[in-house]
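Coordinate analysis (summary)
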Amino acid sequence: MFSHVMLGANDIQESKKFYDAIMEVLGYKPGVIDEKGRCFYFGEAGVFALSVPIDGKPACKGNGSTIGFAAKSTEEIDAWHKAGLASGGKDIEDAPGIREGSGRKLYLAYLLDPAGNKICAMKRVE
């Protein structure tokens, strides 16, 4: 559905350190910095990127926004959450675990990244 997702970051190197740690858990290579100072993570289904806002204003979170990363297992989500906390992320919401919604059971973990963006890792469970 999406070609890419880009989030604002106030400090690309700080955000890269955080995202390198959590993306590695999900099986992705470290981010690549381009000539404009943006950081890109490439996957088969699309691209995830970080950029300092081009309007010169500080990056800020989107109220009500969440970027979700697909995980292969609940163990992978737990490792993702742990790596994020160890790399500058902040714990939010409930502890990683099962939540039910829309008639489905989901295993979720939530973090705030260094710029305050809300992200999660998710696995549908039976």
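Reference entry: report on the structure contained in this document. These numbers come from a predicted model, not from an experiment.

This part covers helix 1 (residues 12–25). Counted at 1.5 Å a residue, the expected span for helix 1 with its 14 residues is 20 Å, and the 20 Å between its end C-alpha atoms agrees. Three or more residues of helix 1 are buried, namely Ile12, Ser15, Lys16, Phe18, Tyr19, Asp20, Ala21, Ile22 and Met23. The opening residue of helix 1 is aspartate 11, an N-cap whose side-chain oxygen sits 3.1 Å from the backbone nitrogen of glutamine 13. One or two steps after helix 1, the chain reaches glycine 27, where phi turns positive at roughly 95°.

Counting residues in hydrophobic clusters, the biggest one holds 23 residues, and the most contacted among them are Tyr19, Ile22, Phe48, Leu50, Phe69, Trp80 and Ile119. Broken down by secondary-structure element, the contributors of at least two residues to this core are helix 1, strand 3 (39–43), strand 4 (46–51), helix 2 (74–86), strand 8 (104–112) and strand 9 (118–125). By residue number, the principal contributor to this core is helix 1, which donates 6 residues. The contact partners of phenylalanine 48, leaving out residues within four places of it in the chain, are Val5, Leu7, Tyr19, Met23, Cys39, Phe40, Tyr41, Ile67 and Phe69.

According to the stated counting rule, one finds 5 aromatic pairs in the structure shown. Judged by centre distance (5.0 Å) and plane angle (50°), the rings of tyrosine 19 and phenylalanine 48 are tilted. Note that tyrosine 19 is positioned in helix 1 and phenylalanine 48 in strand 4, a separation of 29 residues in sequence. Across this residue pair, the class does not change: tyrosine 19 and phenylalanine 48 are buried. Through a chain of ring-to-ring contacts, the aromatic side chains of Phe18, Tyr19, Tyr41, Phe48 and Phe69 assemble into a single cluster.

Turning our eyes to something else, we now look at the sheet that holds strand 1 (residues 4–8). Ordered in space as 1-4-3-2, the 4 strands form an open sheet in which the pairing is mixed. The sheet terminates laterally at strand 1 and strand 2 (32–33), the two strands that pair on one side only. The pairing of strand 1 with strand 4 spans 5 bridges and is classified as parallel. Residue pairing in the sheet places glycine 8 in a bridge with serine 51 of strand 4. The strands that helix 1 touches are strand 1, strand 2, strand 3 and strand 4; relative to strand 4, the one it contacts most, it runs at about 150°.

The final tally for this structure, using the stated rule, is 4 salt bridges. Across the salt bridge formed by arginine 38 and aspartate 34, the nearest N and O atoms sit 2.5 Å from each other. Among the residues examined, arginine 38 registers a relative accessible area of 23% and is labelled partly exposed. Residue aspartate 34 is classed as buried on the basis of its relative accessible area, which comes to 17%. A salt bridge links glutamate 76 to lysine 72; its shortest N-O distance comes to 3.9 Å. Accessibility expressed as a relative area gives 13% for glutamate 76, which makes it buried. On the basis of relative accessible area, lysine 72 is assigned to the exposed category, the value being 62%.

About the cut-offs
Residues numbered from 1 in each chain as written. Predicted model: local features only at pLDDT ≥ 70, side-chain atom pairs only at ≥ 80, totals over all residues. Heavy atoms only, no water. Helix = DSSP H or I, 4+ residues; strand = E, 2+ residues; numbered from the N terminus. Expected span 1.5 Å × (residues − 1). Buried < 20%, exposed > 50% of the residue type's maximum accessible area, 1.4 Å probe, protein only. Polar contact = N/O pair within 3.5 Å; in protein donor to acceptor, adjacent residues only side chain to side chain. Core = buried A, V, L, I, M, F, W, Y, C linked by side-chain atoms within 4.5 Å. Contact = heavy atoms within 4.5 Å. Phe/Tyr/Trp six-rings, centres within 6.5 Å; stacked < 30°, edge-to-face > 60°. Pairing = 2+ DSSP bridges. Axes fitted to C-alpha atoms, helices over the stretch in contact; angles between N-to-C directions. Salt bridge = Lys/Arg side-chain N within 4 Å of Asp/Glu carboxyl O.

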